[in-house]
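Chains, contacts and geometry: an overview
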Amino acid sequence: MTTTVAVVGGSGKTGRVVRAALTHRGAASFPTGRDDWDALARALAPADRLYLVAPNLHPDEPAYVAAVLEAAHAAGIERVVYHSVAAPHAPAMPHHLAKAEAEDLVRRSGLGWTVLQPGAYVQNLPLDGSPVRVPYRADVPFGFAHLPDVGEAAAAVLLGEGHEGATYELASFRASVAEVAGVVGAPVEVLTPEAWAAGEGAGLDARRRTWLLAMFAYYDQHGLPVGTGPISLLLGGPPTPLRAACSLKGDPARRTMDRGPEPTR
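The rules we used
Residues numbered from 1 in each chain as written. Predicted model: local features only at pLDDT ≥ 70, side-chain atom pairs only at ≥ 80, totals over all residues. Heavy atoms only, no water. Salt bridge = Lys/Arg side-chain N within 4 Å of Asp/Glu carboxyl O. Helix = DSSP H or I, 4+ residues; strand = E, 2+ residues; numbered from the N terminus. Contact = heavy atoms within 4.5 Å. Axes fitted to C-alpha atoms, helices over the stretch in contact; angles between N-to-C directions. Parallel < 35°, antiparallel > 145°, perpendicular 65-115°, else oblique. Left-handed = near helix turned anticlockwise from the far one by under 90°. Nonpolar A, V, L, I, M, F, W, Y, C, P; charged D, E, K, R; others polar. Phe/Tyr/Trp six-rings, centres within 6.5 Å; stacked < 30°, edge-to-face > 60°. Buried < 20%, exposed > 50% of the residue type's maximum accessible area, 1.4 Å probe, protein only. Pairing = 2+ DSSP bridges. Right-handed = clockwise from strand over helix to strand, strands pointing away.

Right, let's get into the pattern of salt bridges. Scanning the entire structure with this criterion turns up nine salt bridges. Each member of the salt-bridge network shares a partner with another, and the members are R133, E189 and E200.

Next up on the list: the environment of A202. Tracing the backbone through its elements, the reader meets A202 in the loop between α7 (193-198) and α8 (206-222). For A202, the residues in contact, after removing those within four places along its chain, are W196, A197 and R209.

With that settled, the discussion passes to the packing of helix α1 (residues 13-24) against helix α5 (residues 147-159). Across the interface, α1 lies against α5 with an axial gap of 8 Å and an inter-helix angle of 55 degrees. Comparing the axis directions of α1 and α5 gives the class oblique. Note that α1 runs across α5; the crossing there is right-handed. Across from K13, T14, V17, V18, A21 and L22 in α1, the residues of α5 making contact are L147, G151, E152, A154, A155, L158 and L159. Of the residues in the contact of α1 with α5, the class split is nine nonpolar, two polar and two charged.

Let us look at the packing of aromatic side chains. As enumerated under the stated definition, the model contains eight aromatic pairs in all. Here W37 and Y64 contribute two aromatic rings whose centre-to-centre distance is 4.7 Å and whose plane-to-plane angle is 25 degrees, an arrangement assigned as stacked. You can see W37 sitting in the loop between β2 (28-32) and α2 (40-44) and its partner Y64 sitting in helix α3 (residues 61-75), a full 27 residues away along the chain. Residue W37 is classed as partly exposed on the basis of its relative accessible area of 30%. Here the aromatic residues Y136, F142, F144, F173, W196, F216 and Y219 are joined through ring pairs into a cluster of three or more.

Below, the discussion takes up the side chain of E61. Within the fold, E61 resides in helix α3. Apart from residues lying up to four places away in sequence, E61 is in contact with A54, P55, Y82, A98, K99 and A102.

Take the sheet that holds strand β4 (residues 79-83) next. With respect to topology, six strands assemble into an open sheet ordered β2-β1-β3-β4-β5-β8, the strand pairing being parallel. Each of the sheet's edge strands pairs with one partner strand only, and the pair in question is β2 and β8 (166-170). When the angles between neighbouring strand axes are averaged without regard to direction, this sheet yields 20 degrees. Where strand β1 (residues 4-8) meets β2, five bridges bridge the pair, whose relative direction is parallel. If you follow A6 over to β2, its bridge partner there is F30. Contacts between α3 and the sheet are confined to β1, β3 (49-52) and β4, with β3 contributing the most and set at about 170 degrees to the helix.

Bringing unusual backbone geometry into the picture now. Non-glycine residue L57 carries a positive phi angle of around 55 degrees. Mapped onto the elements of the fold, L57 is located in the loop between β3 and α3. We classify L57 as buried; its relative accessible area is 7%. In this structure, A87 is a non-glycine residue whose phi angle is positive, near 55 degrees. Looking at where A87 falls in the secondary structure, it is placed in the loop between β4 and α4 (94-107).

A few words on the environment of A21. Along the polypeptide, A21 turns up in helix α1. Judged by relative accessible area, A21 falls into the buried class, the value being 8%. Residues A21 and Q221, 200 residues apart in the sequence, show an inter-C-alpha distance of 35 Å. Beyond its immediate stretch of four places on either side in the chain, A21 contacts G151, E152 and A155.

Quick look at the pairing of β4 now. Most of β4 is tucked away, with five of its five residues classed as buried. The alternating pattern of β4 places R79, V81 and H83 and V80 and Y82 on opposite faces, both of which are buried. Direction of pairing for β3 relative to β4: parallel, over a ladder of four bridges. Residue R49 lies in a different strand from β4, and its bridge partner there is R79. With α3 bridging β3 and the parallel β4, this β-α-β connection has right-handed handedness. In terms of strand pairing, β4 meets strand β5 (residues 112-118) through five bridges, oriented parallel.

Shown next, in the form of structure tokens:
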């Protein structure tokens, strides 16, 4: 019998790669989102399992997650995979703390649960050679997640056994922003927080701008290191290395291409 997965947030960039990976493994999936909110339990009813990714920088992610969990119970879904973030308990980043609170709700939901904690997506940086502009030091360490790797890891958890009650950090490789920029041949410009707020951040509302500035300040001091072991376990082999991730530019259909050697760092 074919497994059917509802992907809450399935029309976003993460939801799309999760659904592509599920299709590749022979599972059925469908997206749900804000259009289904008033009748979410009914929308989820055809599904056996649930992948839950909240909108980026949601103003109240715990409430959002609580509503989805309630609908999942009403729909008879027994397994849920929650898309969280690496370092959810870092007190300096408010939106990370919201995900930590949401993780607690998932763990106490009574459903069979798994939590995924991806690092920063390398696809959030320009990979086309255009300038990389960041409001934090470019040499701090990150555990970058290659988005298609995240999709395949999510599909493995959703369709496999032995993952209930597990929490997995997900990163494909360790690098700094400067190293990523070097691979794609891009110049790096380190902005002051004030310059970012007056430029790229000017169009955001005050809450989002404040949360992102707090995140950038954390990055400036600590980066966001994430281990690569768990994703290797879930993929059944090594994740996509830096050079290949930059050349594939996030195309889920191309993750299994020849990756080539990892550049020396």
